[in-house]
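Descriptive structure summary
Listed below, chain by chain, are the residues.
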Amino acid sequence: MSNPPPYSVGFSQPGYPPAQNYPPAQDFYPGAQGYAPPPHGQYPPAQGQYPPPQGQYPYPQGQYPPPHGQYPPPHGQYPSPQGQYPPPQGYPQPVISAQPQNYPHPGMEGQRPDGWMGVPSGVPVNCPPGLEYLAQIDQLLIHQKVEILEVLTGFETANKFTVKNSVGQKVYYAVEESGCCGRNCCGPIRPFDMKILDNYKNTVMELSRPLACQSCCFPCCLQTMDVFAPPGNLIGRIEQEWSILTPTFAIKNAAGDTVLKLEGPMCRFQLCGDVDFKVLSRDGSEVVGKISKQWAGLLREMFTDADYFGITFPMDLDVRMKAVMLGACFLIDYMFFEKVGNAENDSFGML
């Protein structure tokens, strides 16, 4: 007895070809061993696609799931940058109430709200940092601050000055650095260092004056002052020249060459008027500027040594020499107009 062919297993009619009702009805389709047939009405995904992970819904065609832990934004919106979120709808945005301003240089009208001079345009080549303010000006005003302790007690304190341009804008702030004993024992010939600061409190210049005599009786030990810009870089020097009647100075560059000369009057005391020191060319034949001790008022002149000075020089003068001229103004102030115990210290000639 022969065995029936394998294709007849599970079918009611044996033989080949199979009956017309082959393959069997869907309800009788045999599932894989150990698995139930798929639910009615569902089919496996199309070729090349896979079902989404358990518990998630498939994404529309052409889109990819978001990174782990993030969800896609609503339709038509884009996600905010990481760590930033848009403000709630209707939240007011900040209002710009002021626009940036370009502060004018001295040749223009107006000034900065804080009273300081703006940085001028067209900085000269190889200009030391901080001296660009001197490039487009031909006049400086120096105002010394009144020290209340010095007025009341006569105790000498470190001097402070404000340097302004011709329209009253502040350019620099100068502060004396000296010892208490030197100020009260040596008086107007005391040694000191002076720092010149800009509006950002950066030291742009430094003046150094050693202890020395100023009388014509000591020709080998006369007054000098070195000017550094920036600190540590020598740009010029002021040297007192020996004379009997009138004070004279040589304005020198860093190489020691005389660029300008400075000559003062025989008598430096003048009531209700200015005391002028002429700035001369190198050979002394032409007046190119001046340093003026300006009259500051009767009370200020009588009870304080807080002086007013003005400096004029050629517009095209090198900025380094303009800085040296500023140092010469401070040297003149200490030599001839610094009081000792609220008493005048000036004398006739250079004796």
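Residues numbered from 1 in each chain as written. Predicted model: local features only at pLDDT ≥ 70, side-chain atom pairs only at ≥ 80, totals over all residues. Heavy atoms only, no water.

A word on the overall build of the protein. Across its full length, the protein carries four helices and 12 strands. The buried share among the 351 residues of the protein stands at 35%. (Helix = DSSP H or I, 4+ residues; strand = E, 2+ residues; numbered from the N terminus. Buried < 20%, exposed > 50% of the residue type's maximum accessible area, 1.4 Å probe, protein only.)

This brings us to the side chain of Glu206. Locating Glu206 in the fold gives a position in strand β5 (residues 203-209). Of note is the side chain of Glu206, whose polar atom sits 2.7 Å from the side chain of Lys195. Excluding residues within four positions of it along the chain, Glu206 makes contact with Met194, Lys195, Asp226, Val227, Phe228 and Pro231. (Polar contact = N/O pair within 3.5 Å; in protein donor to acceptor, adjacent residues only side chain to side chain. Contact = heavy atoms within 4.5 Å.)

Looking now at the sheet that holds strand β4 (residues 192-197). One closed barrel holds the 12 strands; their spatial order is β1-β2-β3-β4-β5-β6-β7-β8-β9-β10-β11-β12, and the pairing between them is antiparallel. Neighbour-to-neighbour, the strand axes of this sheet turn through a mean angle of 20°, independent of strand direction. Pairing geometry for strand β1 (residues 139-144) and strand β2 (residues 160-164), over four bridges, is antiparallel. Bridge pairing in β2 places His143 opposite Thr162. (Pairing = 2+ DSSP bridges. Axes fitted to C-alpha atoms, helices over the stretch in contact; angles between N-to-C directions.)

Below, the discussion takes up the environment of Ile235. Residue placement: Ile235 occurs in strand β7 (residues 234-241). For the pair Ile235 and Val319, spaced 84 residues apart in sequence, the C-alpha to C-alpha distance is 9.9 Å.

The next point concerns the packing of aromatic side chains. Following the criterion strictly, the structure yields five aromatic pairs and no others. Between the NZ or CZ atom of Lys201 and the centre of the ring of Tyr173, over which it lies, the distance is 5.4 Å. The positively charged end of Lys293 is found above the aromatic ring belonging to Phe337, 5.7 Å away from the centroid. (Phe/Tyr/Trp six-rings, centres within 6.5 Å; stacked < 30°, edge-to-face > 60°. Lys NZ or Arg CZ within 6 Å of the ring centre and 35° of its normal.)

If charged atoms from side chains of opposite charge come close, those side chains can pair. Inspection of the entire model under this criterion finds 11 salt bridges. The network of salt bridges with common partners includes Glu156, Glu176, Arg190 and Glu338. (Salt bridge = Lys/Arg side-chain N within 4 Å of Asp/Glu carboxyl O.)

What follows is about the pairing of strand β12 (residues 308-312). For β1 and β12, the ladder comprises five bridges, and the chain directions are antiparallel. In the strand pairing of β12, His143 is matched with Tyr308.

Another aspect to go through is the pairing of strand β3 (residues 170-177). Remember that side chains alternate between the two faces of the sheet whenever the strand is regular. In the sheet, β2 pairs with β3 via five bridges, with the strands oriented antiparallel. What sits directly across from Phe161, in β3, is Ala174. Following β2, the chain reverses through five residues before pairing antiparallel with β3; Gly168 in that reversal takes a positive phi of roughly 90°.

A cluster of nonpolar side chains, contributed by Phe269, Leu271, Leu298 and Met302, occupies part of the molecular surface with about 460 Å² of accessible area. Among the secondary structure elements, Leu271 is positioned in the loop between β9 (258-263) and β10 (275-280). The class for Leu271 is exposed, based on a relative accessible area of 58%. (Patch = residues over 30% accessible without salt bridge, like charges linked within 9 Å, V, L, I, M, F, W, Y side chains within 5 Å. Areas by Shrake-Rupley, 256 points an atom, 1.4 Å probe, with all protein chains shown as cover.)

So, on to the confidence of the model for the protein. Across the protein, pLDDT averages 77, with 65% of residues at or above 70. Predicted confidence is poor over residues 6-13, with pLDDT under 50, and the contacts of this stretch with residues over four places away or in other chains come to seven contacts. This stretch, residues 94-110, has a pLDDT under 50; its non-local contacts, to residues over four places away or in other chains, come to 15 contacts. (pLDDT = per-residue confidence, 0-100.)

Generally speaking, nonpolar side chains in soluble globular proteins are found buried as a group. The biggest cluster of nonpolar side chains holds 54 residues, and the ones touching the most others in it are Leu131, Ile142, Tyr172, Ile291 and Phe330. With 14 residues, the top contributor of residues to this core is helix α4 (residues 319-336). Setting aside residues up to four positions removed in sequence, Ile142 forms contacts with Phe161, Thr162, Val163, Asp307, Tyr308, Phe309, Ile311, Leu326, Cys329 and Phe330. (Core = buried A, V, L, I, M, F, W, Y, C linked by side-chain atoms within 4.5 Å.)

Here we take up the environment of Gln139. When you line up the elements, Gln139 lands in strand β1. Placed 152 residues apart in sequence, Gln139 and Ile291 show a C-alpha to C-alpha distance of 9.8 Å. Once you skip the residues sitting within four places of it in the chain, Gln139 turns out to touch Lys164, Asn165, Ser166, Ile311, Thr312 and Phe313.

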